[in-house]
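Examining the three-dimensional arrangement
So the chains spell out like this:
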Amino acid sequence: MDPADVKSYRPISNLSVLSKLLERFVARQLLEHLNAARLFPDLQSGYWAYHSTETAVLKVLADILRALDTGDLVVLTLLDLSAAFDTVDHATLLRRPLEVSMSYGLRGHVLGWCQSYLDVCTQNVRRGTFSSTVIFLLCGVPHGSVLGPIRFVLYTADLLQLVHNHQLCQWRI
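I will try to describe carefully the structure that is included in this document.

Cut-off values and rules
Residues numbered from 1 in each chain as written. Predicted model: local features only at pLDDT ≥ 70, side-chain atom pairs only at ≥ 80, totals over all residues. Heavy atoms only, no water. Helix = DSSP H or I, 4+ residues; strand = E, 2+ residues; numbered from the N terminus. Buried < 20%, exposed > 50% of the residue type's maximum accessible area, 1.4 Å probe, protein only. Contact = heavy atoms within 4.5 Å. Expected span 1.5 Å × (residues − 1). Arc of directions from axis to C-beta. Salt bridge = Lys/Arg side-chain N within 4 Å of Asp/Glu carboxyl O. Core = buried A, V, L, I, M, F, W, Y, C linked by side-chain atoms within 4.5 Å. Patch = residues over 30% accessible without salt bridge, like charges linked within 9 Å, V, L, I, M, F, W, Y side chains within 5 Å. Areas by Shrake-Rupley, 256 points an atom, 1.4 Å probe, with all protein chains shown as cover. Lys, Arg positive; Asp, Glu negative; His and termini not counted.

1. Brief notes about the overall build of the protein chain
Helices and strands together make up the secondary structure of the protein chain, namely 7 helices and 4 strands. Order of helices (α) and strands (β) in the protein chain, N terminus to C terminus: α-α-α-α-α-β-β-β-β-α-α. Counting the 173 residues in the protein chain, one finds 24% classified as buried. Of the contacts formed within the protein chain by residues at least 6 apart in sequence, a portion of 60% connects residues at least 24 apart.

2. Concerning helix α5 (residues 108-119)
Over its 12 residues, α5 runs 16 Å from end to end, which matches the ideal 16 Å to within 8%, given 1.5 Å per residue. Regarding α5, the residues found buried are L111, C114, Y117 and L118. Down the axis, α5 shows its buried residues gathered within 110 degrees of arc, on one side only. Turned more than 90 degrees off the buried face of α5, the exposed positions are G108, H109 and D119.

3. Considering the pattern of salt bridges
On inspection of all chains with the given rule, the structure shows 2 salt bridges. A salt bridge links D63 to R66; the shortest N-O distance between them is 2.9 Å. Here D63 pairs with R66, and both are found in helix α2 (residues 53-69), just 3 residues apart, close to one helical turn. Within the structure, one salt-bridge network assembled from shared partners comprises K59, D63 and R66.

4. A few points about the nonpolar core
L34, F40, Y104, L147, I150 and L154 are the most contacted members of the largest nonpolar core, which totals 24 residues. If you list the elements that add at least two residues to this core, you get α1 (17-36), α5 and α6 (148-156). The biggest single contributor to this core is α1, with 5 residues.

5. Notes on the environment of F152
Looking at the element boundaries, F152 is found in helix α6. Overall, F152 belongs to the buried group, its relative accessible area being 12%. In the structure, F152 is positioned 65 residues away from T87 in sequence and 9.3 Å away in space, judged by C-alpha atoms. Sequence-distant contacts of F152, that is, excluding residues within four places in its chain, are made with A84, F85 and V88.

6. What to know about a nonpolar patch on the surface
A surface patch of nonpolar side chains, about 370 Å² in accessible area, is lined by L58, L61, L65 and L68. Its location among the elements puts L68 in helix α2.

7. Description of the side chain of E23
By secondary structure assignment, the location of E23 is in helix α1. The side chain of E23 sits in the buried core without any salt bridge; K20 is the nearest counter-charge, 6.8 Å away. The residues contacting E23, other than those within four sequence positions of it, are L15, Y117, S145, V146 and L147.

8. Things to note about the environment of R28
By secondary structure assignment, the location of R28 is in helix α1. Judged by its relative accessible area of 52%, R28 falls in the exposed class. For R28 and L147, which are 119 residues apart along the polypeptide, the C-alpha to C-alpha distance reads 9.7 Å.

What follows is the structure in structure tokens.
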């Protein structure tokens, strides 16, 4: 990769050991809650035992082959989510406490702690002895954090329901 090209670099979160341990503890409890209550979207493959990107691809392939076998027309639309974590809008996520409370059962101190995670996110760039000024982030979840991927799943969980409610797509589940 070209060291002069900004795209060759990705952000890294320097989180303390204590922070990572706390995140792992919270993530374990949150995942147990979400899995036990079956609150993840039905088509979500991450964080479910025995599910992966491989099982997701097999599901899509099986659906396509089933539709073709019955003579249906198949159109596949894919989204490029290569920088997905960087697109999570803090204001949108923080504006949704009632929805999150109703959808996932997170209330009180737990909901407050989850919101505080995004309240004051900052970023700066260091190269050698040079360090840029610190800026406040309005989008993105920290790369390298334990809760980042879970936050992204919860952030996008309503997407399938939105597509279904507006009849933008017909699928069989």
